[in-house]
Amino acid sequence: MNNEPTVFLVDDDPAVLRSLTALVKVVFPHVESYTSAAEFLDSYRGGQPGCLVLDVAMPGMSGLELQRRLVEQRIDLPIVFVTGHANVQMAVGAMQAGAVNFLEKPFREQDLWDSVRRALEQDECNRRRRARRQSVNERIATLSPGEREVLDLILEGKYNKEIAAELNLSIRTVEDRRARLMKKMQANSVAELVQLAMTH
């Protein structure tokens, strides 16, 4: 699988698609072109980094329908819409569903390049956030049930003495569990521990 960020272009007009491909490749070298939403869905492998530049009005599955399908399949690929058939309601709906931009044809080349750059940056940011969440989940999974109990009470703002009383444990036992869970969570302070738990 190619792990380079790829700009996926979808437009049912072959001439427009050729023009878009040439334009995008001026700045972004990795481009894949598709003449229908269905063709893109069939070939896209989940997890590929990049963004989608998508026509709105296409026969068969429209661009907005493809956007909905991606949301349903939990494919978090940033979308830049390009269209010659825009209306305000359509644009608002697309943006509310997470589109990065909604460009009306004819658009300035720079506007497209800027939108694609923003979409790729968003994708990279999303990937970093997901990787961090997964890392935190893996750390939490290593905690014993007793350590997890202590963690939950720390997150409620309780001190060792209160935790010991609530769990009917000695303060020393609570301190030991706390030290172990801090190490497993790779947290240097309670503030950092809370941040990690919020990520989870």
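Residues numbered from 1 in each chain as written. Predicted model: local features only at pLDDT ≥ 70, side-chain atom pairs only at ≥ 80, totals over all residues. Heavy atoms only, no water.

Looking only at helices and strands, one finds nine helices and five strands in the protein chain. The order of α-helices and β-strands along the protein chain, N terminus first, is β-α-β-α-β-α-β-α-β-α-α-α-α-α. Its C-alpha atoms give the protein chain a radius of gyration of 24 Å, more than 25% over the compact-globule value 16 Å for 200 residues. Viewed in the frame of its principal axes, the protein chain has a C-alpha envelope of about 75 × 35 × 30 Å. Here the contacts in the protein chain between residues at least 6 apart in sequence split such that 62% fall between residues at least 24 apart. When the accessible surface of the protein chain is totalled, it reaches about 11,200 Å², and 50% of it is carbon and sulfur. (Helix = DSSP H or I, 4+ residues; strand = E, 2+ residues; numbered from the N terminus. Rg over C-alpha atoms; globule rule 2.2 N^0.38 Å. Contact = heavy atoms within 4.5 Å. Areas by Shrake-Rupley, 256 points an atom, 1.4 Å probe, with all protein chains shown as cover.)

On to the pattern of salt bridges. Summed over all chains, the structure comprises 14 salt bridges. Note that glutamate 147 and lysine 184 form a salt bridge whose closest N and O atoms lie 2.8 Å from each other. With glutamate 147 in helix H6 (residues 145-155) and lysine 184 in helix H8 (residues 171-185), this residue pair connects regions lying 37 residues apart in the sequence. Residue classification places lysine 184 among the partly exposed positions, given a relative accessible area of 31%. Here arginine 148 ties to aspartate 152 by a salt bridge, and the two come within 3.5 Å at their closest N and O atoms. Within this pair, arginine 148 and its partner aspartate 152 are both found in helix H6, separated by four residues, close to a single helical turn. Residue classification places aspartate 152 among the partly exposed positions, given a relative accessible area of 35%. Each of Asp11, Asp55 and Lys105 takes part in salt bridges that share partners, so that together they form one network. (Salt bridge = Lys/Arg side-chain N within 4 Å of Asp/Glu carboxyl O. Buried < 20%, exposed > 50% of the residue type's maximum accessible area, 1.4 Å probe, protein only.)

The subject of this paragraph is the pairing of strand E1 (residues 6-10). Side chains on a regular strand alternate between the two faces of the sheet. The buried fraction of E1 amounts to five of the five residues, a majority that puts the element mostly inside the structure. Neither face of E1 is left uncovered, since the one carrying Thr6, Phe8 and Val10 and the one carrying Val7 and Leu9 both have all their residues buried. Judged from the four bridges that link them, E1 and strand E2 (residues 31-34) form a sheet pairing that is parallel. Paired with phenylalanine 8 across the two strands is glutamate 32, which belongs to E2. Note that the unit made of E1, helix H1 (residues 14-25) and E2 has a crossover that is right-handed. (Pairing = 2+ DSSP bridges. Right-handed = clockwise from strand over helix to strand, strands pointing away.)

Structurally, the position occupied by serine 189 is in the loop between H8 and helix H9 (190-199). For the pair serine 189 and leucine 155, spaced 34 residues apart in the sequence, the C-alpha separation amounts to 12 Å.

Once that is clear, we can look at helix H5 (residues 109-141). With 33 residues, H5 ought to run about 48 Å at 1.5 Å a step, and its terminal C-alpha atoms sit 48 Å apart, in line with that. The complete set of buried residues in H5 reads Leu112, Trp113, Ser115, Val116, Ala119, Leu120, Asp123, Asn126, Val136, Arg139 and Ile140. (Expected span 1.5 Å × (residues − 1).)

This part is about the sheet that holds E1. Read across the sheet, five strands follow the order E2-E1-E3-E4-E5 without closing on themselves; strand pairing throughout is parallel. Here the strands that pair on one side only, and so sit at the sheet edges, are E2 and strand E5 (101-104). The sheet shows a mean angle of 20° between the axes of neighbouring strands, taken without regard to direction. The pairing of strand E3 (residues 50-55) with strand E4 (residues 79-83) spans four bridges and is classified as parallel. In the strand pairing of E4, leucine 54 is matched with phenylalanine 81. Set on the sheet, H5 makes contact with E1, E3, E4 and E5; between it and E3 the angle comes to about 135°. (Axes fitted to C-alpha atoms, helices over the stretch in contact; angles between N-to-C directions.)

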